[in-house]
Amino acid sequence: MLRILKMAAIAGTMATTAAAQVNLTSNTAGAGTTVALTATALVEYASERGIANIQLKDGQTGTNYFQLLAEGKIDIANGPFILPFFMSRGVGPYASLGKETGAELGANIQLLYPYTLSVFTLYAYDAKGISGWDDLEGRKILNGPPRGGAVTNSRGLVQLFAGLKPDEDYESVTVNWNQAAAVVIDGTADAAVMPVMFPGPRVTRIGAGGAMTMYSLPKDTYESEAAQKLLNKPGSVAFEIPVSEVLASLGDGWTVVSEDDTFRGMATTGGDFVNKSMDEEVAYGLTKAHIENLDNIKASAPFMATLNFGVLDPAVAGLCGANAVKFHPGSVRAWEEAGYDVPDCAKP
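Residues numbered from 1 in each chain as written. Predicted model: local features only at pLDDT ≥ 70, side-chain atom pairs only at ≥ 80, totals over all residues. Heavy atoms only, no water.

(A) How the structure looks around the pattern of salt bridges. Using the criterion set out here, one finds 10 salt bridges in the structure. The partner of R49 in a salt bridge is E292, and the shortest N-O contact between them spans 2.7 Å. Within this pair, whereas R49 is found in the loop between α2 (34-48) and β2 (52-57), its partner E292 is found in the loop between α12 (280-291) and α13 (294-298), the two being separated by 243 residues in sequence. Look at R49 and you get partly exposed, because its relative accessible area is 37%. Among the residues examined, E292 registers a relative accessible area of 46% and is labelled partly exposed. One salt bridge connects R333 with E280, and the closest N-O pair in it is separated by 3.4 Å. Here R333, found in helix α15 (residues 329-337), pairs with E280, found in helix α12; they are 53 residues apart in sequence, far enough to count as distant. Judged by its relative accessible area of 24%, R333 falls in the partly exposed class. Judged by relative accessible area, E280 falls into the partly exposed class, the value being 38%. In this structure, a network of salt bridges that share partners links the residues K219, D260 and R264. (Salt bridge = Lys/Arg side-chain N within 4 Å of Asp/Glu carboxyl O. Helix = DSSP H or I, 4+ residues; strand = E, 2+ residues; numbered from the N terminus. Buried < 20%, exposed > 50% of the residue type's maximum accessible area, 1.4 Å probe, protein only.)

Written out as structure tokens, the structure is:
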């Protein structure tokens, strides 16, 4: 009799856990990227804890799925802060929405947790004979996908640090993410101004094709008021790391050029986002699962440990200021319960 009662209790507990789960949909970018690895981790940890069953679709375009998130057509999305910023103003890839609709939709996006996505820099095969940022005129430069925050950032960096406009002073090459490595390897692009990780799958693949050089942002321009404004706009922060660390991560076959021992770039910041209508307990559970698995997430790929997971400092995470995205209330509760200070300017 006791055995029967015990089994009934277990069955009841399992039923309660199953009932507590919700079905969520999530979109992310290409497999192997920071956002894709983070999204995959959330699927696993949410399922293990009985928080939610998340149906994840990767290889998607951020400009598209951020609008789906804002419209409530999906539940979770991740990527750079620049896209909600553009949406909230109805500009850039969201210009067709108009300012009023863009503002309404942008306000629907809230944050679970921030992190650094990647770092924009210039790199090229040595065989191309490129000497640096001052040698890009007339070249074919890979700027990223045809639409989205990456191509906007890339072209902005070339314009500021090289003084060149796309398709006037150089040929702008744009391809989907899954073709980005190929166009450098086959010589279609002479150089790339693209986001990288240290080490990331794209540069690792490209680097296997021959000797390459990566160029730090020129120090004098980097320290100028105009550059700091660009580098610290919504969705990015100025980034510095010792050249020795970059070289150690890239391995043999790479040269890193800088005026001193510091490598300078522009870090893209963002995170995992939800629609503000998400139930507070669900958002709390998802964020708590992320926080309690930070060490596992950092160990999921060689570059993940360098991407500031668990850092809420606005200067590092790109929070506050012109970035209007706020944390979800459930997320705030999870971070504060774990002993973190959530910036007041990022609270809803």
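That shown, we press on.
(B) Region of the structure containing the packing of helix α4 (residues 82-89) against helix α5 (residues 98-106). It is the contact of α4 with α5, at a shortest axis distance of 5 Å, that shows an interaxial angle of 135°. One way to sum up the angle between α4 and α5 is to call them oblique. Residue-level inspection shows M87, S88 and R89 of α4 in contact with α5, the latter providing K99, G102, A103, L105 and G106. The class makeup of the residues in the contact of α4 with α5 is three nonpolar, three polar and two charged. (Axes fitted to C-alpha atoms, helices over the stretch in contact; angles between N-to-C directions. Parallel < 35°, antiparallel > 145°, perpendicular 65-115°, else oblique. Contact = heavy atoms within 4.5 Å. Nonpolar A, V, L, I, M, F, W, Y, C, P; charged D, E, K, R; others polar.)

(C) Summary view of the nonpolar core. Of all hydrophobic cores here, the largest spans 60 residues; its most connected members are L286 and F327. Setting aside chain neighbours within four positions, we find L286 in contact with L24, L42, A46, I51, I54, I76, L112, Y113 and M278. (Core = buried A, V, L, I, M, F, W, Y, C linked by side-chain atoms within 4.5 Å.)

(D) Main features of the environment of N108. Mapped onto the secondary structure, N108 falls in the loop between α5 and β4 (109-125). Along the sequence, N108 and K219 sit 111 residues apart, while their C-alpha atoms lie 39 Å from each other. Not counting residues up to four positions away in its chain, the partners in contact with N108 are A70, V274, N275 and K276. Within polar-contact distance, the side chain of N108 engages the backbone oxygen of A70 at 2.9 Å. (Polar contact = N/O pair within 3.5 Å; in protein donor to acceptor, adjacent residues only side chain to side chain.)

(E) How the structure looks around the pairing of strand β8 (residues 212-215). Burial along β8 is two-sided: the face carrying M212 and M214 and the face carrying T213 and Y215 are both buried. Bridge count between β4 and β8: four bridges; the pairing is antiparallel. Of the residues in β8, the one forming a bridge with Y123 is M214. Sheet analysis places β8 next to strand β10 (residues 254-257), joined by four bridges and oriented parallel. When the bridges of β10 are listed, Y215 appears paired with V257. (Pairing = 2+ DSSP bridges.)

(F) Seen up close, the environment of R264. Mapped onto the elements of the fold, R264 is located in strand β11 (residues 262-275). Sequence-wise, R264 and P218 are 46 residues apart; in three dimensions their C-alpha atoms are separated by 7.8 Å. Look past the residues within four positions of R264 in its chain and what remains in contact with it is S216, L217, K219, Y222, F239, E240, S258 and E259. Within the structure, the side chain of R264 is placed 2.8 Å from the side chain of D260, a separation counted as a polar contact. Polar side-chain contacts of R264 include one of 3.3 Å to the backbone oxygen of T262.

(G) The arrangement of a negative patch on the surface in detail. Taken together, the side chains of D220, E223, E240 and E259 define an acidic patch exposed on the protein surface. Tracing the backbone through its elements, the reader meets D220 in helix α9 (residues 219-222). Judged by relative accessible area, which is 69%, D220 ranks as exposed. (Patch = residues over 30% accessible without salt bridge, like charges linked within 9 Å, V, L, I, M, F, W, Y side chains within 5 Å. Areas by Shrake-Rupley, 256 points an atom, 1.4 Å probe, with all protein chains shown as cover. Lys, Arg positive; Asp, Glu negative; His and termini not counted. Charge placed at Lys NZ, Arg CZ, Asp CG, Glu CD.)

(H) Representation of the pairing of strand β7 (residues 191-196) in the model. Most of β7 sits inside the fold, with six of its six residues counted as buried. Relative to β7, β4 runs antiparallel, the two sharing five bridges. Following the sheet pairing, L122 is matched in β7 by V193. As defined by bridge partners, strand β5 (residues 140-144) adjoins β7 across two bridges and the pair is classed as parallel. Bridge pairing links L142 to A192 in β7.

(I) Molecular detail of unusual backbone geometry. Cis rather than trans, the peptide bond between F198 and P199 has omega equal to -5°. When you line up the elements, P199 lands in the loop between β7 and α8 (201-207). Even without glycine at this site, D167 takes up a positive phi of about 60°. With respect to the secondary-structure elements, D167 resides in the loop between α6 (149-162) and β6 (171-174). Even without being a glycine, C320 presents a positive backbone phi close to 70°. The topology assignment puts C320 in the loop between α14 (314-317) and β12 (326-327).

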